[in-house]
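# Reading the structure
Residues per chain, in single letters:
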Amino acid sequence: MTTAAWRDPDLPAAARVDDLLSRMTLQEKTAQLYGVWVGAATDGDGVAPLQSEMTAAWDWDELIGHGLGQLTRSFGTAPVDPALGAQALARAQRRIMAAGRFGVPAVAHEECLAGFTTWGATAYPVPLAWGAAFDPPLVEEMGRQIGRDLRAVGVHQGLAPVLDVVRDPRWGRVEETIGEDPYLVGTVGAAYVRGLESAGVVATLKHFAGYASSAGARNLAPVRAGVREFADVTLVPFEMALREGGARSVMAAYTDTDGVPASADPGLLTELLRERWGFTGTVVADYFGVGFLETLHRVAGSPAEAAHTALAAGVDVELPTLKCYGAPLLDAVRDGTVPEELIDRAARRVLLQKCELGLLDADFAPEPTGPIDLDPPGNRDLARRLAEESVVLLDNPDGALPLSPDARIAVVGPRAADALAMLGCYSFPSHVLPRHPEVPLGIEIPTLLDAVRAELPDAKVTFAEGCAVSDPDPAGIAEAVARASEADVCVAVLGDRAGLFGRGTSGEGCDVTDLRLPGAQGELLDALVATGVPVVLVLLTGRPYALGRWEGRLAAVVQAFFPGEEGGPAVAGVLSGRVGPSGRLPVSVPRQPGGQPWTYLQPPLGLAGEVSNLDPTPLYPFGHGRSYTTFGWDGFEGTEPRISTDGSFELTVTVRNTGERAGAEVVQLYLHDPVASVTRPDVRLIGYHRLALEPGEAARVRFRFHAELSAFTDRTGTRVVEPGALELRLAGSSAAADVRHTARLELTGPVRRPGTDRRLWCRTEVSAVGG
C-alpha cells in the first residue's frame, strides 16, 4: 500500500502539508484553526478575562470528528497529578486521532510564565526577577528545563515569555514583564525562548504588541503610544526574540493602538511580522481575543465578522474557543463572505507547525515514555540559583546586613509567614488553587520566617504579622511594635499578594491608582521605624513601590520580585550573608507614589528641571543594586574615536573584586545621544555583562559597539543611523552618578537606513586578568 505523501517524513514539510491540505474538506481545514478548553470555569471566577461570557458550547464527539487545532490547558485548569494528567491527555489525543479522517492530533498548550503552570511543578521566580538577575544564560537554562517538563507530559506549546516593556508600574502585570528597558527585555526574553525551543516546545511571544502601554495602567485599556515609541520601545524585544531566540509563535494583544485592535491589524500581524521580519510561524489569539473584536472593541458586528477581520489581519488560531472560527467562519466561507484562501493560508501555517512537531508522522505516540517528576532536585537548584541572583540590595548604609548570627530578630509583616508571598499570579498555587482551597500546594515553599530561622539557628527569632496585605485595619500593629521593641533588629517583610482580576494586589487585572504600599503596610512600617530599633525592610512584590517616605530612616532595604519556591531561602541567605546580593533593578523605584508613569527612558523634558516643581527622579534608578563587597573598574580603553555610520567601536574595562567577599558585578553600557533629529532618551541601555568574581579576582570585559545600536525611528517613521556625536557610558546603573567611564565618539558619513538584519546586540567578550 502506498503511503500518502503527507505521511512521508523524508519529504519536505511544505510538500507534506500541501498534499494534506489538498485532501481536506473546508470543515476539516477550519477545525485546525481553533482550540477548546475542557473544564473551563463558567461561574464568573475564571483565570481569563470574561471567561464565563465568552466560552462557547460544543459537543466533544461531534467536534473531534473533523479534527482539532489545539487543546487548552489540560494541566493548568484544575489540580491534577502530573502522571495522571499525562495519561488523560494521551487518551484525549488518541480519541482525536481516531475520530478524524487523517488522525492528526491537536497541539497541546500550557502557560509557563514562571514555570509550568500545573500542580506539583517547580515555581520559578517571575520574569521581573529574571530581569533583576541580568543573567540570560541562567534564564536560558531555566527555559530549557521548563520545556523538557512540558514535553515529558505531552505539551507542545508554551504561552511565554511576556515581552511587554513596563511603561507604567501601576499596571497589574508588571510582575510578568522583564523590566522597563527594551534591551534588557529582549536579551533576557530571547534567552528564555532559546531554552524553551531547544527542548522542542513552541515559544509564544506575548503580547504583540503594546499591551503594557495601556492608558492609566488599566488592564486592556487603549494604547496611547506614538509611532516612534511603538517602534523603538515596544517592538524591539519581539524582534530580538524572533531573530535571536527563534520563537515559532506570537500571541496578538488584547489592546488597540490608535484605534486599531492588534487582532485586526494586518499592518502589525502581516506586513511587519511576516513580510518585513520574515516570521513563518503561527499567530494565536489571546484568550477570546477574536470575539472581543465584536464585544469589546466593536469593530465587528457579529462573530463571523470578527473571524473574518482577525483571519484577514493574520490571526491563524482562535484560542481557547471556536466561538468565531467555528460555525460562524465556516458559514461565512460557504456563503462567499470570507474567501477560502484565508482558511488555506492559516491552516497551512498550523499544519506546518504540526509537521515540525512530529504530529503528522505515522509513528506519533502521545503516551509519556518515562517517570514524571516536575519538581526534582535539579529544578529546585535552578530555581534557587535564579532566586539568589535576583535579590536586590537597595540600601545598606551602615552595614546592618548581614545580620549577626546570634541577634534577637523580630520578623514582622504580612508577607513573612505566607508561602504564597513568593509566587506570582501565573504560578499554579496563586493562579488556580484559590478555587480549590482543600488542595495542598503540591510543592514545598519555605516561608521567609521559616527560612530565617533555618539560616540563623542561634538567633532568637520572634514573629508578628502586624497587618494584612491589603486590609487597612491597623489592629495588629501594636503587637508588631512590641516584638520589634524587644529585638536588636526588626526585619519588616512587606509586599504584594498575587491574584487575578482584583483578587490580589499584583497580577492580571490588579492595577493600582498609585504606588503606595498596599493596605496598612506603610502605617506598620512607620510604627516600626518609630521604635528606634534598626529596621531592615524586605519587599516581596510584583512591582516597585514608592519608598521616599522612609529615605534615610531604614537600616537596610532588600527587594525581591516574587522569587519563587526557593525565594525564602534565597532572601534569608542574603540577610545572613551566606548569599552575596547581586541583583540589579529591572525597574526604577520611585521616590513618591504619584507622578506616574515614569521610567528611566526619558527625553530631556521628562527629567527634573526648573520648569516644574515635580521631580520624577527615582529613589533607586534602573540598574541599581548594592553588594557586600567592592569592585574597581580600571584599565578603560577605547579604539577609534571616529567611525562611520556603518562602523564598529570597541571599549574594554577591567573589573576587580577589591573586597574580602565573593560577589557579582553587572557592567552596564549606556548610550547618550546629545543631538538628534527627534528627541531621544537621555540614556538607554545597549549592553551589559554579569561577572562573578572571587576576592582579588579580575576580568576584562570587551564591548563591541556597532553604530546600528544607535539607530532610532525618525520623523518619517524610518529607522536611521545619524552622523554626529555620541557618548558611550560604562556605568553601575542608569544614574549619572554611577557612570565610571565615558567614551566620546563621532559617527561620520551619510545617514544610514539599516535593514531588518540590523545589529540588535552589543556583543561582549570576557577574559581573565592576573592578580
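Residues numbered from 1 in each chain as written. Predicted model: local features only at pLDDT ≥ 70, side-chain atom pairs only at ≥ 80, totals over all residues. Heavy atoms only, no water.

### A short note on the overall build of the protein
- The secondary structure content of the protein amounts to 21 helices and 26 strands.
- The C-alpha atoms of the protein give 26 Å as radius of gyration, which agrees with the globular expectation for 771 residues (28 Å, within 12%).
- When burial is assessed residue by residue, the protein has 63% of its 771 residues classed as buried.
- Partitioning the contacts of the protein with sequence separation of at least 6, the portion at a separation of at least 24 is 79%.
- Carbon together with sulfur atoms contributes 49% to the accessible area of the protein, which is approximately 26900 Å² in total.
- With 69 positive and 98 negative side-chain charges, the protein shows a separation of 3 Å between the mean positions of the two kinds. (Helix = DSSP H or I, 4+ residues; strand = E, 2+ residues; numbered from the N terminus. Rg over C-alpha atoms; globule rule 2.2 N^0.38 Å. Buried < 20%, exposed > 50% of the residue type's maximum accessible area, 1.4 Å probe, protein only. Contact = heavy atoms within 4.5 Å. Areas by Shrake-Rupley, 256 points an atom, 1.4 Å probe, with all protein chains shown as cover. Lys, Arg positive; Asp, Glu negative; His and termini not counted. Charge placed at Lys NZ, Arg CZ, Asp CG, Glu CD.)

### Remarks on the sheet that holds strand 19 (residues 663-672)
- Strand order in the open sheet made by the five strands is 17-25-24-19-20, with mixed pairing throughout. Of all strands in the sheet, those bounded by a partner on one side alone are strand 17 (642-644) and strand 20 (684-693). Pairwise comparison of adjacent strand axes, ignoring direction, gives a mean angle of 25 degrees for this sheet.
- Strand direction decides the pairing type here: strand 17 and strand 25 (residues 739-748), joined by three bridges, are parallel. Residue pairing across strands places Arg 642 opposite Glu 746, the latter belonging to strand 25. (Pairing = 2+ DSSP bridges. Axes fitted to C-alpha atoms, helices over the stretch in contact; angles between N-to-C directions.)

### As for the environment of Ala 480
- Here Ala 480 lies in helix 19 (residues 477-485).
- Sequence separation between Ala 480 and Glu 465 is 15 residues, and the spatial gap between their C-alpha atoms is 6.7 Å.
- Those residues within four positions of Ala 480 in sequence are excluded, and the remaining contacts are Val 412, Ala 464, Gly 466, Leu 524 and Leu 528.

### Looking at the pattern of salt bridges
- Enumeration over the complete set of coordinates arrives at 52 salt bridges.
- Residues Arg 167 and Glu 229 are paired through a salt bridge, measuring 3.0 Å at the closest nitrogen-oxygen approach. Of the two residues, Arg 167 sits in the loop between strand 4 (157-158) and helix 8 (182-198) while Glu 229 sits in helix 9 (residues 227-234), which places them 62 residues apart along the sequence.
- For Glu 229, a relative accessible area of 27% translates into the label partly exposed.
- A network of salt bridges, in which partner residues are shared, links Glu 141, Asp 381, Arg 384, Arg 385, Glu 388, Glu 455 and Arg 578. (Salt bridge = Lys/Arg side-chain N within 4 Å of Asp/Glu carboxyl O.)

### Some thoughts on the side chain of Ser 263
- Topologically, Ser 263 is positioned in the loop between strand 8 (260-261) and helix 11 (266-276).
- Taking the relative accessible area as the measure of exposure, Ser 263 reaches 2% and is therefore buried.
- Once residues within four sequence positions are removed from consideration, Ser 263 is found in contact with Ala 252, Ala 253, Leu 269, Gly 289, Leu 293, Thr 309, Ala 310, Ala 313 and Val 315.

### Let's talk about the sheet that holds strand 16 (residues 631-638)
- Spatial strand order, 16-18-21-26: four strands in an open sheet with antiparallel pairing. Taken across any chain shown, the strands that pair with only one partner, and hence form the sheet edges, are strand 16 and strand 26 (763-769). Pairwise comparison of adjacent strand axes, ignoring direction, gives a mean angle of 20 degrees for this sheet.

### So, the environment of Gly 226
- Mapping Gly 226 onto the fold places it in the loop between strand 5 (202-208) and helix 9.
- On a C-alpha basis, the gap between Gly 226 and Gly 580 in space is 42 Å, while along the polypeptide they are 354 residues apart.

### Brief notes about helix 8
- The end-to-end C-alpha separation of helix 8 is 24 Å, in line with the 24 Å expected for 17 residues at 1.5 Å each.
- The backbone nitrogen of Tyr 183 lies 2.8 Å from a side-chain oxygen of the residue at the head of helix 8, namely Asp 181.
- Backbone geometry just downstream of helix 8 places Gly 200 in the positive-phi region, at approximately 85 degrees. (Expected span 1.5 Å × (residues − 1). Polar contact = N/O pair within 3.5 Å; in protein donor to acceptor, adjacent residues only side chain to side chain.)

### Notes on unusual backbone geometry
- Geometrically, the link from Ala 160 to Pro 161 is a cis peptide bond, its omega value of 10 degrees lying close to zero.
- Note on placement: Pro 161 falls in the loop between strand 4 and helix 8.
- The step from Phe 208 to Ala 209 runs through a cis peptide bond, and the omega angle for that step is -5 degrees.
- Residue placement: Ala 209 occurs in the loop between strand 5 and helix 9.
- Phi is positive for Asp 258, close to 50 degrees, though the residue is something other than glycine.
- Mapped onto the fold, Asp 258 is located in the loop between strand 7 (256-257) and strand 8.
- According to the relative accessible area criterion, Asp 258 is exposed, its value standing at 73%.
- Positioned with a positive phi, Phe 562 is a non-glycine residue whose angle comes to about 30 degrees.
- In this fold, Phe 562 is placed in the loop between strand 15 (556-561) and helix 21 (567-576).

Note that every value here comes from positions in space, so none of it alone points to a role or purpose.
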